[in-house]
Amino acid sequence: MNTASRPQILLLFLFAVAAAGFLLYDRTVSSAPIHEMRGGTMGTSYSIKLVDLPSTLPLEQLSKDVTALLHRLDREQMSTYAADSELSRLNAGPVGEDIVLSAEMTQVISLALDVTGLTDGAFDVTVGPLVNRWGFGPEDRRADRIPSKDEIAALLARVGSHHIALDAQRNTLRKNADIYIDLSGIAKGYAVDKVADYLESLGIQNYFIEIGGELRIRGYKPGNVSWVPAIEKPVDTAPQVHNIFYARGESIAVAGSGDYRNYFEEDGVHYSHEIDPQTGKPVTNNLAGVYVIDQTAARADALATAFMVMGAESGFALAESQGLAVYFITRDEERGVFVDRHTSRFDHYLQSGE
Ligand code: ADP
Ligand code: MG
């Protein structure tokens with residue numbers, strides 16, 4: 001049983017389904033309009049809010065450009081659901097030969113490898129064979145959804161970023177084993193950054209960009225009012241506000257990961273879509289959701305996934321030692337409550353400053 005349940009997700013099944021995420025907490029009413037673009041991409045939805053438009057470009061054209069950009073990043077480049085995407089061709093491509101990549105693919109894999117290094121392998125895009133075997137990828141779900149120990153061991157032999165040799169100068173990648181890359185844990189964030197770059201190139205400085213719960217925010221709403229993103233309560237029912245924080249005009253990226261939207265249960269065990277590349281199994285710690293504020297949405301996205309894998313204790317220790325702004329929500333099963341904890345860097349964003 002898969003409990004992911006957002007309607008648009010069923011229609012747009014290109015990437016992994018449903019995301020832990022953010023809502024926009026609207027406390028203020030302003031008469032000035034906010035221009036909005038909405039649509040579907042990467043197996044989820046996107047929403048872009050702009051306060052002012054460039055005089056040279058009507059909203060309709062802007063919207064077309066954004067749609068084309070997202071289509072390219074998703075369908076043509078980073079989707080494992082499209083058999084002819086650049087990533088699918090890379091995954092099917094030869095072992096031991098240099099494969100030429102697009103600039104975007106080089107960049108996203110390079111960013112992914114940085115986070116793999118930083119998190120000691122908790123985030124690893126080569127975890128794809130296991131994501132697929134556990135039924136969270138593009139392959140049809142099997143009746144025996146839980147793999148045997150031997151199957152896991154065989155798949156783990158194909159997992160590990162040491163099997164990738166990326167040459168970021170020449171835009172080439174050499175696979176040293178029959179690996180399968182899954183970018184679902186970073187591609188949405190990367191796409192948010194690309195949309196932000198595009199808007200910035202047009203001189204737009206007040207915006208809210210959201211793809212499947214990964215955000216980039218800059219500037220203010222009309223009337224100099226701060227964007228107020230809300231952390232979603234980690235439950236699989238309709239979105240509810242768990243806590244809010246304040247961007248205060250700063251340019252920030254925010255990403256969340258959780259175990260409560262994309263999972264299945266069998267014999268009373270909860271199997272979520274975050275896979276531990278060490279064990280080859282879905283994570284089983286008590287972390288329900290984790291939220292990262294960082295400079296880029298790609299890094300925030302990947303880090304959020306990594307912290308889900310690491311769990312609250314070692315995740316918190318790493319986040320604090322790296323000076324990262326991270327908010328952890330754990331489940332206290334005995335008391336039936338959520339327990340929140342955030343790093344000192346996150347404090348800044350919990351103060352309204354008003
Ligand atoms: P969400 O869709 O909730 O934003 P994430 O950003 O955490 O989720 O990405 C989860 C997806 O990343 C999984 O569905 C899977 O495709 C992939 N994934 C799972 N485990 C890992 C991992 N350890 N490292 C990298 N990617 C992973
Ligand atoms: Mg992620």
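Structural data are supplied above this passage.
Criteria and cut-off values
- Residues numbered from 1 in each chain as written.
- Chains lettered and ligands numbered in written order.
- Predicted model: local features only at pLDDT ≥ 70, side-chain atom pairs only at ≥ 80, totals over all residues.
- Heavy atoms only, no water.
- Helix = DSSP H or I, 4+ residues; strand = E, 2+ residues; numbered from the N terminus.
- Buried < 20%, exposed > 50% of the residue type's maximum accessible area, 1.4 Å probe, protein only.
- Phe/Tyr/Trp six-rings, centres within 6.5 Å; stacked < 30°, edge-to-face > 60°.
- Arc of directions from axis to C-beta.
- Contact = heavy atoms within 4.5 Å.
- Donors = N, O, S within 2.8 Å, 3.2 Å for Na, K, Ca; no water.
- Near = heavy atom within 4 Å.
- Polar contact = N/O pair within 3.5 Å; in protein donor to acceptor, adjacent residues only side chain to side chain.
- Nonpolar A, V, L, I, M, F, W, Y, C, P; charged D, E, K, R; others polar.

Participant: Please clarify how unusual backbone geometry should be interpreted in this entry.
Facilitator: Even without being a glycine, methionine 42 presents a positive backbone phi close to 50 degrees. Position of methionine 42 relative to the elements: it lies in the loop between β2 (35-41) and β3 (44-50). What makes methionine 42 buried here is its relative accessible area of 0%. Despite not being glycine, asparagine 224 has its phi angle at roughly 60 degrees, a positive value. Among the secondary structure elements, asparagine 224 is positioned in the loop between β8 (214-221) and β9 (225-226).

Participant: Can you help me understand the packing of aromatic side chains in this one?
Facilitator: In this description, a pair of aromatic rings is defined by centroid distance and the angle of the planes. Under the criterion given, the structure shown has nine aromatic pairs. Arranged with centres 5.6 Å apart and planes meeting at 40 degrees, the rings of phenylalanine 208 and tryptophan 227 form a pair that is tilted. Within this pair, whereas phenylalanine 208 is found in strand β7 (residues 207-211), its partner tryptophan 227 is found in the loop between β9 and β10 (229-232), the two being separated by 19 residues in sequence. Taking the relative accessible area as the measure of exposure, phenylalanine 208 reaches 4% and is therefore buried. Look at phenylalanine 264 and tyrosine 271: their rings are 4.9 Å apart centre to centre, the planes differ by 20 degrees, and that puts the pair in the stacked class. Comparing phenylalanine 264 with tyrosine 271, the two get one shared label, buried.

Participant: Could you clarify how one ought to interpret helix α9 (residues 312-321) in this entry?
Facilitator: Residues spaced three or four apart along an α-helix face the same direction, because each turn holds 3.6 residues. Buried within α9 are the following residues: Ala312, Gly315, Phe316, Leu318 and Ala319. Down the axis of α9, the buried side of the element spans an arc of 165 degrees, and every buried residue falls inside it. The exposed residues of α9 that point more than 90 degrees off its buried face are Glu313 and Ser321. Looking at the buried residues of α9, the elements they touch are α4 (103-118), β17 (287-294), α8 (297-310), β18 (325-332) and β19 (337-342). Directly beyond the C-terminal end of α9, a positive phi value near 65 degrees is found at glycine 323.

Participant: Quick question: what am I supposed to make of the coordination of the magnesium ion (ligand 2) here?
Facilitator: Octahedral metal centres with six donors ideally show angles of 90 or 180 degrees, and tetrahedral centres with four donors ideally show 109.5 degrees. At the metal site, the magnesium ion (ligand 2) is ligated by Gly185 (O), Asp301 (O), Asp301 (OD) and Thr305 (OG1), and these contacts range over 2.1 to 2.7 Å. One chain supplies every donor to the magnesium ion (ligand 2), and in sequence these donors are spaced G-x115-D-x3-T. Highlighted residues: glycine 185 in the loop between β6 (172-175) and α7 (187-201) and aspartate 301 in helix α8, separated in sequence by 116 residues. Residue classification places aspartate 301 among the buried residues on the basis of a relative accessible area of 2%.

Participant: It is not clear to me how the site of ligand 1 should be interpreted in this structure. Could you clarify?
Facilitator: Around ligand 1 there are 23 residues in total, and Asp182, Ser257, His273, Ile275 and Thr305 lie nearest to it. Here a nitrogen atom of ligand 1 and a backbone polar atom of isoleucine 275 are 2.8 Å apart. The set of elements that each furnish at least two residues to the shell around ligand 1 consists of β12 (249-258) and α8. At three residues, the largest contribution of residues to the shell around ligand 1 is made by α8. For the shell around ligand 1, the class distribution of residues is eleven nonpolar, six polar and six charged.

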